[in-house]
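What follows is the residue order along each chain.
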Amino acid sequence: MPPKFYINNAAEFKQNLVVIKELTEDATFGFRDGRLCVFTMDSSHVCLVHAVWTVENLNAENLNAVKFALNLKNLIQALSFSGENGITFEIHDDTVSIQMDSTTLALRQLDGEELDMEIPEISPGIDIDASVFSTVIKNFALIDDSLRISTSVTDLIVETQNETFGNVSTKIEIENGREVKRVGFSTRYIATFVKSHGNLSISIDENTPGIFSFKSPSSEMSFYLAPKMEEEMME
């Protein structure tokens, strides 16, 4: 019998896929501890993505052995048929059957490349209001394609500069922060991350990837973004 599983929050699942699609065209899905997951790299090899969704196992003896690869654009288009009753996936040898309300369709599987499933450890991050951070990043994306993030005990500071506005700096209040000097990142990538659902935690440190994690009751999305070198920030 083909493995079958159910995702309850169709809207959130689809939105998370939209975010991942901005970083890569295809994704290999697998399972860890009974949860659906994607572990992939963006096409420029700048950002690592780890996404996890809670599912209901409908019949498989061992979901952790199930893997399938799909084109994300096709999957998102298919999920346009989803309603309020969630989504049922059935995994066949060459196709994935998707059942949504009164609609059933199938997508052809790809020969996906799977990354090592060893997930990098996430150091304790700083909890921050996702909506406030999202607004700040969207504004900075209009100014420049690079920004710097630093933290103090009480604030997370986002900075950039250009010829029109000079130095631009926005502070966001945080709790239990620590002193971290400015770390440069691509604005475009972070502007993509903030389209995710959930509570936001940010972990930054000098000379290490910045980690932007979103967590909701039904999903987790973590983005590991390589920092920009100082010479790149000056370009």
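Nothing here was measured: the structure is a model prediction, and the numbers come from that model.

(A) Main features of the sheet that holds strand β1 (residues 4–7). Strand order in this open sheet of five strands is β5-β1-β7-β8-β9, and the pairing throughout is antiparallel. Single-partner strands in this sheet number two, and they are β5 (56–57) and β9 (103–108).

(B) Highlighting helix α3 (residues 130–141). In a regular helix each residue adds 1.5 Å, so twelve residues correspond to 16 Å; α3 covers 16 Å between its end C-alpha atoms and thus fits that length. Buried within α3 are the following residues: F133, S134, V136, I137 and F140. Down the axis of α3, the buried side of the element spans an arc of 165°, and every buried residue falls inside it.

(C) Highlighting the sheet that holds strand β2 (residues 26–32). Sheet architecture is open: eight strands sit in the order β6-β2-β3-β4-β17-β16-β15-β10, paired in antiparallel fashion. Unpaired on one side and paired on the other, β6 (68–71) and β10 (126–128) mark the two borders of the sheet. Averaged over all neighbouring strand pairs, the angle between strand axes comes to 20°, with direction disregarded. Across four bridges, β2 lies against β6 in antiparallel orientation.

(D) Summary view of the packing of aromatic side chains. Summed over the entire model, instances satisfying the criterion amount to twelve aromatic pairs. A centroid spacing of 6.0 Å and a plane angle of 85° characterise the contact between F13 and F89, whose relative ring orientation is edge-to-face. Here F13 is found in helix α1 (residues 10–21), whereas its partner F89 is found in strand β7 (residues 87–91), with 76 residues between them in sequence. When its relative accessible area of 2% is taken as the criterion, F89 is described as buried. A centroid spacing of 4.3 Å and a plane angle of 10° characterise the contact between F193 and F223, whose relative ring orientation is stacked. A residue pair is termed long-range when its members are at least 10 positions apart, and F193 in helix α4 (residues 187–193) and F223 in strand β17 (residues 219–225) qualify at 30 residues. Judged by its relative accessible area of 0%, F193 is buried. F223 gets classed as buried once you look at its relative accessible area, which sits at 0%.

(E) Expanded view of the side chain of S201. Among the structural elements, S201 can be located in strand β15 (residues 199–203). Judged by relative accessible area, which is 19%, S201 ranks as buried. Not counting the four nearest positions on each side in its chain, S201 is found in contact with G125, I126, D127, I211, F212 and S213.

(F) Layout of α1. With twelve residues, α1 should reach 16 Å at 1.5 Å per residue; the first-to-last C-alpha distance of 16 Å fits that figure. For α1, every residue scored as buried is listed here: A10, E12, F13, N16, L17, V19 and I20.

(G) Representation of the nonpolar core. Of all hydrophobic cores here, the largest spans 65 residues; its most connected members are F29, F89, I98, F133 and I190. Leaving out residues up to four positions away in the same chain, I98 has contacts with L75, A78, L79, I87, T88, F89, T103, T104, L105 and L107.

(H) The environment of M41, seen in detail. Its location among the elements puts M41 in strand β3 (residues 35–41). In this structure M41 comes out as partly exposed when scored by relative accessible area, which is 30%. It is 9.4 Å that separates the C-alpha atoms of M41 and Y224, two residues lying 183 residues apart in sequence.

(I) Expanded view of the pairing of β3. For β3, the buried fraction is high: five of the seven residues fall into the buried class. Sheet analysis places β2 next to β3, joined by four bridges and oriented antiparallel. Across the sheet, residue F29 finds its bridge partner in β3, namely V38. Between the end of β2 and the start of β3, which pair antiparallel, lie two residues, with D33 showing a positive phi angle near 55°. Examined bridge by bridge, β3 and strand β4 (residues 47–53) share six bridges and lie antiparallel to one another. The partner of T40 across the bridge, within β4, is V49.

(J) Structural context of unusual backbone geometry. At D33, a residue that is not glycine, the phi angle is positive and equals roughly 55°. By secondary structure assignment, the location of D33 is in the loop between β2 and β3. On the basis of relative accessible area, D33 is assigned to the exposed category, the value being 68%.

Rules used in this analysis
Residues numbered from 1 in each chain as written. Predicted model: local features only at pLDDT ≥ 70, side-chain atom pairs only at ≥ 80, totals over all residues. Heavy atoms only, no water. Pairing = 2+ DSSP bridges. Helix = DSSP H or I, 4+ residues; strand = E, 2+ residues; numbered from the N terminus. Expected span 1.5 Å × (residues − 1). Buried < 20%, exposed > 50% of the residue type's maximum accessible area, 1.4 Å probe, protein only. Arc of directions from axis to C-beta. Axes fitted to C-alpha atoms, helices over the stretch in contact; angles between N-to-C directions. Phe/Tyr/Trp six-rings, centres within 6.5 Å; stacked < 30°, edge-to-face > 60°. Contact = heavy atoms within 4.5 Å. Core = buried A, V, L, I, M, F, W, Y, C linked by side-chain atoms within 4.5 Å.

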